[in-house]
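This is what each chain is made of:
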Amino acid sequence: MAESNHRKNPLKMVEIVGKNLLTSVLENLVQNDVVKFEEEDKEKFNNAEWRDKRWVFVDALQRNPAMAGHVLTEKILNVKSKSHDVNAAEPAESTDVLKLCPREEFLRLSTEMADEIYPIKERNNRTRQALIICNTKFEHLALRYGADFDISGMKGLLEDLGYAVSVEEKLTARDMESVLRAFADRQEHSSSDSTFLVLMSHGTPDGICGTMHSDKTPDVLPYETIYQIFNSCNCRGLRDKPKVIIIQACRGGSPGGVWVRDSPAALEDNSFQSQKLDEDAISLRHKEKDFIIFFSSTPNNLSYRDPIKGSPFITELIKCFQKYSCSCHLVQIFRKVQRSFENPTTKAQLPSIERITLTRDFYLFPGN
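Throughout this description, residue numbers start from 1 for each chain and increase along the sequence as written. Local features are withheld for residues below a pLDDT of 70 in this predicted model, meaning they are given only at 70 or higher, and side-chain atom pairs are given and counted only at 80 or more; totals for whole chains, interfaces and linings count all residues. As a rule here, side-chain values come from all non-hydrogen atoms in the structure, and water together with hydrogens is ignored.

With that out of the way, let us pick up the overall build of the protein chain. What the protein chain contains, in helices and strands, is 11 helices and 10 strands. Looking at the 368 residues of the protein chain, the share that counts as buried comes to 43%. In what follows, residue pairs with any heavy atoms lying within 4.5 Å of each other are defined as contacts. In the protein chain, the share of contacts with a sequence separation of at least 24, taken over all contacts with a separation of at least 6, comes to 77%. Numbering goes from the N terminus for both helices and strands, where a helix is a DSSP run of H or I of at least four residues and a strand is a run of E of at least two. Buried residues are those whose accessible area, probed at 1.4 Å on protein chains only, stays under 20% of the maximum for their type, while exposed residues exceed 50% and partly exposed ones sit between those limits.

Attention now goes to the packing of helix α10 (residues 312-324) against helix α11 (residues 330-340). Viewed as axis vectors pointing N to C, α10 and α11 meet at an angle of 135°, and their least axial separation amounts to 9 Å. When the axes of α10 and α11 are compared, the pair comes out oblique. Regarding α10 and α11, the two cross each other, and that crossing is right-handed. Residues F313, E316, L317, C320, F321 and Y324 of α10 form the contact with α11, whose participating residues are L330, I333, F334, K336, V337 and S340. Residue polarity follows a fixed list, in which Ala, Val, Leu, Ile, Met, Phe, Trp, Tyr, Cys and Pro are nonpolar, Asp, Glu, Lys and Arg are charged, and the others, Gly among them, are polar. When the residues that make up the contact of α10 with α11 are grouped by side-chain class, the tally is 9 nonpolar, 1 polar and 2 charged. Orientation is described by lines fitted to C-alpha atoms, with helices fitted over the stretch in contact, and by angles between N-to-C directions that extend from 0 to 180 degrees. Under this scheme an angle from 65 to 115 degrees is roughly perpendicular, one under 35 degrees roughly parallel, and one over 145 degrees roughly antiparallel; angles in between are oblique. In a left-handed crossing the near helix is turned counterclockwise from the far helix by less than a right angle, and in a right-handed crossing that turn is clockwise.

Of note, the phi angle at D240 is positive, near 65°, even though the residue is not glycine. For R355, which is not glycine, the phi torsion reads 50° and is therefore positive.

Another point: the pattern of salt bridges. Basic side-chain nitrogens of Lys or Arg form a salt bridge, by our definition, when they fall within 4 Å of a carboxyl oxygen of Asp or Glu. This model, assessed by the stated rule, comprises 11 salt bridges. Between K289 and D240 there is a salt bridge, with the nearest N and O atoms lying 3.0 Å from each other. Separated by 49 residues along the polypeptide, K289 in the loop between β7 (260-261) and β8 (291-295) and D240 in the loop between α9 (223-229) and β6 (243-248) bring together distant segments of the chain. K289 is the salt-bridge partner of D290, the closest N and O atoms lying 2.9 Å from each other. The exposure class assigned to K289 is buried, which follows from its relative accessible area of 16%. A single network of salt bridges, built from pairs that share partners, joins E105, R108 and E112.

To continue, consider the environment of C235. Mapping C235 onto the fold places it in the loop between α9 and β6. Residues C235 and A184 lie 51 residues apart in sequence; the distance between their C-alpha atoms is 5.7 Å. Aside from chain neighbours lying at most four places away, what touches C235 is A184, I229 and F230.

The next thing to look at is the confidence of the model for the protein chain. Averaged over all residues, the pLDDT of the protein chain equals 81, while 71% of them reach at least 70. Predictor confidence is given residue by residue as pLDDT, running from a minimum of 0 to a maximum of 100. Contacts of residues 1-6 to residues separated by more than four positions or lying in other chains number 3 contacts, the stretch itself having pLDDT below 50.

Of all 5 residues in β8, 5 are buried, a share of seventy percent or more. Burial along β8 is two-sided: the face carrying F291, I293 and F295 and the face carrying I292 and F294 are both buried. For two strands to be treated as a pair, DSSP must find no fewer than two bridges joining them. Here β6 runs beside β8; their pairing, made up of 5 bridges, is parallel. Directly across from V244, in β8, lies its bridge partner I292. In this sheet, strand β10 (residues 352-354) lies alongside β8 in antiparallel orientation, the contact comprising 3 bridges. Along β10, the bridge assignment pairs F294 with I353.

If you walk across this open sheet you meet the 6 strands as β2-β1-β3-β6-β8-β10, and the pairing is mixed. Since the sheet does not close on itself, it has two edges, and those belong to β2 (164-169) and β10, each with one partner. Ignoring strand direction, the axes of neighbouring strands in this sheet form an average angle of 15°. Bridge count between strand β1 (residues 129-134) and β2: 6 bridges; the pairing is parallel. From the neighbouring strand, A130 faces β2, where its bridge partner is V165. Packing of helix α7 (residues 147-160) onto the sheet brings it into contact with β1, β2, β3 (195-200) and β6, and relative to β1 it is tilted by some 175°. Most of the contacts of helix α8 (residues 173-184) go to β1, to which it runs at about 175°, and overall it touches β1, β2 and β3.

Moving on: the environment of E316. Positionally, E316 belongs in helix α10. With 24 residues separating them in the primary sequence, E316 and S340 have C-alpha atoms 7.5 Å apart. For E316, the contacting residues outside a window of four places in its chain are V337, S340 and F341.

Glancing now at the nonpolar core. The biggest cluster of nonpolar side chains holds 45 residues, and the ones touching the most others in it are M154, F196 and F321. Secondary structure elements with two or more residues in this core: α6 (103-112), β1, α7, β3, β6, β8, α10 and α11. In terms of residue count, α10 provides more of this core than any other element does, 6 residues in total. Excluding its chain neighbours within four sequence positions, the residues that come into contact with F196 are Q129, A130, L131, L158, Y163, V244, I246, F321, L330, F362 and L364. By nonpolar core we mean a set of buried residues, namely Ala, Val, Leu, Ile, Met, Phe, Trp, Tyr and Cys, connected to one another through side-chain atoms within 4.5 Å. If you look at the next biggest cluster of nonpolar residues, it comprises 26 residues, including L197, Y223, I293 and F295.

Right, let's get into the packing of aromatic side chains. Put simply, two rings from Phe, Tyr or Trp (the six-membered ring, in Trp's case) pair if the centres are within 6.5 Å, and we call them stacked under 30 degrees between planes, edge-to-face over 60, tilted for the rest. Throughout the structure, instances matching the rule amount to 11 aromatic pairs. Pairing F106 with F365 gives two aromatic rings, centres 4.9 Å apart and planes at 65°, and the pair type is edge-to-face. Separated by 259 residues along the polypeptide, F106 in helix α6 and F365 in the segment after β10 bring together distant segments of the chain. Taken individually, F106 and F365 each receive the classification buried, so the pair is uniform in this respect. Taking 5.1 Å as the distance between ring centres and 80° as the angle between the ring planes, the aromatic pair formed by Y223 and F295 counts as edge-to-face. Of this pair, Y223 sits in helix α9 while F295 sits in strand β8, and the two are 72 residues apart along the sequence.

Here you go:
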C-alpha cells in the first residue's frame, strides 16, 4: 500500500530518497571521523534510529559552531581554508588535470619507436570518436546511484584526450547493439587513429544489461557481439587502430557489499552462441586485432559503486590517465589502475585486462 501511495506521489518518493541519501552522507562523515564529535554525541548518533540521525547530527553541530563551519566549507563544499602564513608551503600539484606530453618528447618517441607504437595522426586532421553507454534507471533492477559522476568524469577525460564523445543512456540490449553498429559505421573513423568505448550498467558473466533486464526475461548485450561489431570485417574504418573498451559492470552475482553492486541476481546459464559472419575482406587480415578490454572486475565477481562519488574503478581510471598518459602507454596505465586495487580496504575488487590483441604500444600523447 505504501509503495502504491509513493507511486501516486512522486514528490514524496523524491523526498524519501533525498533524506536517505543525506543520512548516508552524514553517517559516513561520523564513522570515518571526518567530523570530530565528542564521544557522547557520537554515541547518540550511532544509537539513534535511522530517521532521527540527521537531527542528532544537527543538534551536535549547533553545540559546536566551529565544527559546523569546518564541515560546510572543507568537507561538503570541498573548499580549503586559506592560510595567511607567509611561510606556508606552496600547494601540491593538482592531480585532477590531464598532464600534457611535451611536443619534443612526442616527436622523439614517434621517431625512435616508430615500429613499436601505433601511429598518431596530427591533431588538425584527425577525427577521434568515443562512445559512452550508461544505463542508470531500470524497469526491474536497482537504480545505479552515482553513475552520473562516472559519465561526467569519463566524458571530460576523453574530451581532454581529443575525442568527440557521444553519450547514450536508457538503452535496452537491442538499442545498445544498434547504437554500437551506427557508431562503428561512422565515416570519421577513417581519419581517426583510435577509439574508446565505455559501457556502464548492471552486468552478467557474459554481457551487459539493458534497461528491461529481469531474471525471467533477460535483456543482455553479449560482450561477444561488441567484439564482432568492431572486428576487421565489420568496422573497416578502425582496422589496424587501437579499439579500447572499458566496462564498469558486475560479472557475477555474489550478494552483499558496502557499496551498491552493479549486478542483478546471478543468472544460471546465459552462454552466448557466436554468430557466423561472412568473410568479406578482400585481403587476408586477422579477424580480431588491435583490441584491449579493461573490465572493472575479474570474471564471476562483483563491481562496486559509491552512490555519492561514483565507481572506484572509473575514479581510479581517470586519475591514472590524467597523471600517467603523458609518459606511459595504455597497458602501463591499466596496470597502475590495477595496482591501486591490489590491497583491498573494504571490498575486494580487481580490474581485469583482457582480450588483448594490440600488436604495438598505444601512447595517447595528450596535447599532441
